[in-house]
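# Coordinate analysis (summary)
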Amino acid sequence: MPKVDELLTDIAQGGLRLPEFQRGYVWNRDQVRTYVESLYRGHPTGQLLIWHAYGPVRTRGGRSEESGKTLLLLDGQQRLTTLYALVKGVPPPFYEGENLFFDLWFNVVDEAFSYFNKATMDGNPTWFSVHEFLRTGMNQFLDDLPKLSESQQELAQKSLGKLNQLDKIHSYSYQVDDLKDEKLTLDEVVEIFNRVNSKGTPLSRADLAMAHICTFWPDARHVIREFLK
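Residues numbered from 1 in each chain as written. Predicted model: local features only at pLDDT ≥ 70, side-chain atom pairs only at ≥ 80, totals over all residues. Heavy atoms only, no water.

Attention now goes to the sheet that holds strand E6 (residues 127-129). What the three strands build is an open sheet, ordered E5-E4-E6; its pairing is antiparallel. Where the open sheet ends on each side, the last strands, each with one partner, are strand E5 (113-115) and E6. Sheet twist, expressed as the mean angle between neighbouring strand axes with direction ignored, is 40°. Direction of pairing for strand E4 (residues 104-107) relative to E6: antiparallel, over a ladder of three bridges. When the sheet's bridge partners are listed, Phe-106 is paired in E6 with Phe-128. (Pairing = 2+ DSSP bridges. Helix = DSSP H or I, 4+ residues; strand = E, 2+ residues; numbered from the N terminus. Axes fitted to C-alpha atoms, helices over the stretch in contact; angles between N-to-C directions.)

As for its placement among the helices and strands, Ala-156 is situated in helix H7 (residues 150-158). We classify Ala-156 as buried; its relative accessible area is 0%. Considered as a pair, Ala-156 and Phe-128 are 28 residues apart in the sequence and their alpha carbons are 9.3 Å apart. Dropping the residues within four chain positions of it, Ala-156 is found in contact with Phe-128, Phe-141, Leu-145 and Leu-163. (Buried < 20%, exposed > 50% of the residue type's maximum accessible area, 1.4 Å probe, protein only. Contact = heavy atoms within 4.5 Å.)

Structure, rendered in structure tokens:
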């Protein structure tokens, strides 16, 4: 089972891509916070579905159609986009959406996750930025401890178990279901995509329509995006 860091590396290097017929990123702040809490506590957060496409398929991120096998993410875009932003601090190459959130913080006393609020968090040593911590990792965090205020150093040292648990998000593993049937058509894959995604954030009629349009007009989403600009 691939770990989070391995999946993010695959995305960064172009080994795992997003098909053009997928909608953009739609998670809201509460969904992101709840998801990170589940990762922190080691709770199940679903599986990933990856299509091994054996022909030219239009993918997101400015890449043209290519022959040969391409690994395409059918289920898991919202989760992996969230993780990419959390760990790397930037959107993934295939990102398309309204908002990404880079201001989630962690309280080392009560293990709460919350978005930055200057009135309650500024100068409060119990709060640490989740993004900064995950981008640097536990080892670098320990090296940088002397740079923190005395009160934060003391709290961090008392809470190393909790911080180590937060760092384990890097090694969180996902079960992957693979679609490897070379006979699968794009129409069939889109239908699988629609059925799987009906269990998460509901697809709108526009999402469903666009997914089907892309089966016979691969450039549809790109053309519409450019038109709206």
